[in-house]
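# A look at the structure
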Amino acid sequence: MPKAQFTTIKWCTVDKAMKYIGGLICGLRCFAFTILEYSGLSAGKGTPKSNIRDIYHIYFAPYLLVPPEPIGLILPQIDYKIMRLKNKVAVITGGNSGIGFGIAKEFFLEGAQGAIVGRAQETLDSSVAQLGDRFIAIKADVTNLEDLDRVFKETYEKFGKIDIVVANAGGAATGAKLGSVAEIGEADYDKTMDLNLKSVYFTVHKALPYLKDGSSIVLIGSNAAHIGLPALSLYGGAKAAVIAWAKGFSLDLLERKIRVNVVSPAAIDTPVFEKFIEPGQVEAVKKQLVQGIPVGRIGQPRDVAKAVVFLGSDESSFLLGTEILVDGGSVNLQPFKA
Ligand SMILES: NC(=O)c1ccc[n+]([C@@H]2O[C@H](COP(=O)([O-])OP(=O)(O)OC[C@H]3O[C@@H](n4cnc5c(N)ncnc54)[C@H](OP(=O)(O)O)[C@@H]3O)[C@@H](O)[C@H]2O)c1
C-alpha cells in the first residue's frame, strides 16, 4: 500500500514537470517559428502581419491545454493539425483580391504552395509579394479557355502536380450591368454568365488532365443562390447552378476520388463593393447589410478561407457534393423580435 502511494506521487511529479518543460519548449519553438516566418527565412518573403497572432495562438495554446503526456507524442500530432495543406499544390482563381487573396493567405499558413490567377498585374504582383515564394502569379482571364489551359499547364510544370483547385473568380463581371430581369439584356447576361458560370465549368474541365486522383475542388457559390436579392437574380441563378455542379461533378469524378464541394459566402468585406456601388455609398450599404446578418457583423475573407481550407484538406474526405454556407446565419435564420 505505501509503495503504491509513493508510485502515484512520483508519477504526478513527473507529469507536472513534463507539462512545464512542454510549455517552455513550446514557447521557444513558437517564438522561433514566428521570427522565422515573419523574417522570411523559412518561407520566402514573410507572413502577413495580421496572422502573426494566429500563429502564436495555434502554436502556444495547445501546449498550455494539453494533458501532461510525454512531449514526444504531442509534438508530431500538433504539427499534423497545424499544417493541414502541407505539400499540397493549389490553384486559386481570383487569388489577387478579396476572398481569393484571403484563401491564398490561409493556404500559405497551412503549408500549401501553388498559383494565384487574375487579370490585374498590379494586384497579382502585390499579392504574391505578400505570400512569399511558395506562390506564383499567373495572369489569365478565366473566361478564356486557352488561358485556362495555360494556367494548369504552367502550374503543373512548376510544381509537378496539382492537388486543389479553388474556382473563386467571379462576382461583378467587367462592364456588365446588374439589374432586374426586366433590365438585363443579352450582352450583360453573357458577361455575367461567362464569369460566374461558364468559367467555373471550364476551370474544372481544364484542370482535370493535371489533377491528381484524390484531389479536392472547391467552388465558390453565394447566398444569392438561396434567396432573392435586389438586382442579383441572374448572378444568383449562376451560383445555384454552381451548387448543383458540385453534386454532379462529384459523381462524374467518383472513380478518380476527386471531391467537389461549394463554399457559399454572404456579405464579405472585399473590393467587390467598390465595383458596383457609388464610392460615397459603400460604407452605408455595408451598414445596411449588417442589419440582415444575425451574427451582427460583415464577414471577412478569412471567414470564407477557413471553410475552404477544410474542404481542400484531407480532413473533409467524407464530404462530396455539399455546400458550406459562410453567411453569419443570414440564409437560415430570421431573428425578428416577437
Ligand atoms: N464579397 C461578397 O460579399 C461575396 C458574397 C458571395 C459570393 N461571393 C463570391 O466570392 C468570389 C470572390 O468575390 P470577392 O468578393 O472576393 O470579389 P473581388 O474582390 O472583386 O475579387 C474577384 C476576383 O476575381 C478575379 N476575376 C474577375 N474576373 C476575372 C476574369 N475574367 N478572369 C480572371 N480573374 C477574374 C479578380 O481579379 P482581376 O480583376 O485581376 O481579374 C479578383 O481577383 C466570387 O465568386 C463572388 O461571386 C462574394
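Just above, that's the structure.
Rules and cut-offs
Residues numbered from 1 in each chain as written. Predicted model: local features only at pLDDT ≥ 70, side-chain atom pairs only at ≥ 80, totals over all residues. Helix = DSSP H or I, 4+ residues; strand = E, 2+ residues; numbered from the N terminus. Contact = placed C-beta atoms within 7 Å. Pairing = 2+ DSSP bridges. Axes fitted to C-alpha atoms, helices over the stretch in contact; angles between N-to-C directions. Parallel < 35°, antiparallel > 145°, perpendicular 65-115°, else oblique. Left-handed = near helix turned anticlockwise from the far one by under 90°. Nonpolar A, V, L, I, M, F, W, Y, C, P; charged D, E, K, R; others polar. Core = buried A, V, L, I, M, F, W, Y, C linked by C-beta atoms within 7 Å. Buried ≥ 20, exposed ≤ 12 C-beta atoms within 10 Å, placed from the backbone. Near = placed C-beta within 6 Å.

## Things to note about the overall build of the protein chain
Secondary structure summary: the protein chain contains eleven helices and seven strands in total. Here the contacts in the protein chain between residues at least 6 apart in sequence split such that 70% fall between residues at least 24 apart.

## Let's talk about the sheet that holds strand β1 (residues 89–93)
Ordered in space as β3-β2-β1-β4-β5-β6-β7, the seven strands form an open sheet in which the pairing is parallel. In this open sheet, the two strands that pair with only one neighbour each are β3 (135–139) and β7 (323–326). With direction set aside, neighbouring strand axes in the sheet form an average angle of 20°. Two strands pair when backbone bridges link them, and strand β4 (residues 162–167) and strand β5 (residues 211–220) are joined in this way by five bridges, in the parallel orientation. When the bridges of β5 are listed, Val166 appears paired with Val218. The strands that helix α6 (residues 145–159) touches are β1, β2 (113–118), β3 and β4; relative to β2, the one it contacts most, it runs at about 155°. Across the sheet, helix α11 (residues 301–312) touches β1, β4, β5, β6 (259–265) and β7, and the angle it forms with β6 is around 170°.

## Quick look at the packing of helix α4 (residues 98–109) against α11
It is at 8 Å that the axes of α4 and α11 come closest, and there the two elements cross at 55°. Relative to α11, the element α4 is oriented oblique. Judged by the sense of rotation from one axis to the other, the crossing of α4 with α11 is right-handed. Contacts between α4 and α11 pair Gly98, Ile99, Phe101, Gly102, Ile103, Lys105, Glu106 and Phe107 from the former with Pro301, Arg302, Val304, Ala305, Lys306, Val308 and Val309 from the latter. Residues belonging to the contact of α4 with α11 are distributed by class as follows: nine nonpolar, two polar and four charged.

## Observations concerning the nonpolar core
In this structure, Val91, Val117, Leu219, Val263 and Val308 are the most contacted members of the largest nonpolar core, which totals 66 residues. Leaving out residues up to four positions away in the same chain, Val308 has contacts with Ile103, Val166, Val218 and Val263.

## Focus: the pairing of β3
Summarising the sheet, β2 and β3 pair through five bridges and their orientation is parallel. Across the sheet, Gly118 pairs through a bridge with Lys139, a residue of β3.

## Details of the site of the ligand
By nearness alone, 29 residues border the ligand, and Gly94, Gly98, Gly118, Arg119 and Gly170 come closest of all. Of all elements in the fold, only α4 and α9 (272–276) reach the threshold of two or more residues within the shell around the ligand. Ranked by residue count, the leading element in the shell around the ligand is α4, at three residues.

## Let's talk about unusual backbone geometry
Positioned with a positive phi, Ala231 is a non-glycine residue whose angle comes to about 65°. One can find Ala231 in the loop between β5 and α8 (233–252). On the neighbour-count criterion, Ala231 (13 C-beta atoms within 10 Å) is partly exposed. In this model, Ala267 sits at a positive phi of 40°, which is unusual for a non-glycine residue. Along the chain, Ala267 falls in the loop between β6 and α9. Judged by the 19 C-beta atoms lying within 10 Å of it, Ala267 falls in the partly exposed class.

Geometric values such as these leave the question of function open.
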